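A closer look at the structure
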Amino acid sequence: MDTPHRNRLVSLAAFASLLIAAGCHKKETAPPPPPPPAATSPEPTASITVTPDTIQPGGSAVLAWRTTDATDVSIEGMGPVKPYGTQNVSPTESATYHLIARGPGGSADATARLTVNVPPQAPQAAAAQTITEDVFEQNVKPVFFDYDAYDIRTDAQTTLGQDAAYLTQHPELKIVIGGYCDERGSVEYNLALGENRANSAKQSLVSDGIGADRIRVVSYGKEKQFCSEHDEACWQQNRRAGFSLDK
């Protein structure tokens, strides 16, 4: 075989080998595109207001709230509520309304404060003190009368005013007013006169604001004498309305 013919055969063989090699080589496959990012849920929002924010006892206010992107909405103390709404509220004391909104995107909360203007309580009366007879007699003085009379004298009016002031400060005290007379006159006459003197003192205290139900009246006439001398100075001491604790 001549040389040119042999070279042509070699070239054809080489070309065929190249074709076979190219056919055996697999084409590379491109990687799949990445999946799209997962959609994220929006975070809930929450707001709550109360109008007015200050009321008097017995009054009412309007609670209003609004949420977005929430599937579970509640107000503490009220329980589950709609995503938005209003409600009348009438608490007896100041209250804070706490709104909580939850959803796939998280949670949110908000608060509203309602103030109830409760009037201050009146100060409680001081605990009743144990008043002894001695303390009572130092602060509640007897009053004296002219002979055969039961009118309240000017000096007695001053004393009774001071007595009434002390009794006002001690509303727990109840008293006995005793009517007394000097030794002159009959027993019956002096019993009636003593009662009139005690009643005159009682009426004066009542006019100064002391409850009549706190006062008991008794007449001793001339049976209980504070002084035993037989003169005007002594008789004056015996013509009195005296005070004692009603036990």
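Everything that follows concerns the structure shown earlier in this document.
Residues numbered from 1 in each chain as written. Predicted model: local features only at pLDDT ≥ 70, side-chain atom pairs only at ≥ 80, totals over all residues. Heavy atoms only, no water.

1. Considering the layout of surface pockets
To locate leftover empty space, one rolls a probe as large as a water molecule over the atoms. Roughly 230 Å³ of volume is contained in the largest pocket. Lining the largest pocket are 15 residues, and of these Tyr180, Phe226, Gly242, Phe243 and Ser244 lie nearest its centre. Elements supplying a minimum of two residues to the lining of the largest pocket: β10 (175-180), β11 (215-221) and β12 (240-245). When the residues that make up the lining of the largest pocket are grouped by side-chain class, the tally is 9 nonpolar, 3 polar and 3 charged. (1 Å grid on protein atoms, 1.4 Å probe; cavity = no way out; pocket = protein on both sides within 12 Å on 5 of 7 lines; lining within 4 Å. Points joined across faces, edges and corners; volume = space filled by probe spheres on them. Helix = DSSP H or I, 4+ residues; strand = E, 2+ residues; numbered from the N terminus. Nonpolar A, V, L, I, M, F, W, Y, C, P; charged D, E, K, R; others polar.)

2. As for the sheet that holds strand β8 (residues 106-116)
Read from one edge of the open sheet, 5 strands run β2-β8-β7-β4-β5, paired in mixed fashion. The open sheet is flanked by β2 (54-55) and β5 (79-80), the only strands paired with a single partner. (Pairing = 2+ DSSP bridges.)

3. A look at the sheet that holds strand β9 (residues 143-144)
Across the sheet, which stays open at both edges, the 4 strands sit in the order β9-β12-β10-β11 with mixed pairing between neighbours. Looking at which strands have only one partner, the edges of the open sheet turn out to be β9 and β11. Bridge count between β10 and β11: 6 bridges; the pairing is parallel. When the sheet's bridge partners are listed, Gly179 is paired in β11 with Ser219. Packed on one face of the sheet, helix α4 (residues 187-207) meets β10, β11 and β12 and runs near 155° to β11. (Contact = heavy atoms within 4.5 Å. Axes fitted to C-alpha atoms, helices over the stretch in contact; angles between N-to-C directions.)

4. Digging into the environment of Thr54
Tracing the backbone through its elements, the reader meets Thr54 in strand β2. Residue classification places Thr54 among the partly exposed residues on the basis of a relative accessible area of 35%. Ignoring sequence-local partners within four residues, the contact set of Thr54 consists of Leu114, Thr115 and Asn117. Here the side chain of Thr54 touches Asp53 through a polar contact of 3.3 Å, side chain to side chain. (Buried < 20%, exposed > 50% of the residue type's maximum accessible area, 1.4 Å probe, protein only. Polar contact = N/O pair within 3.5 Å; in protein donor to acceptor, adjacent residues only side chain to side chain.)

Any functional reading would require information that these geometric values do not contain.
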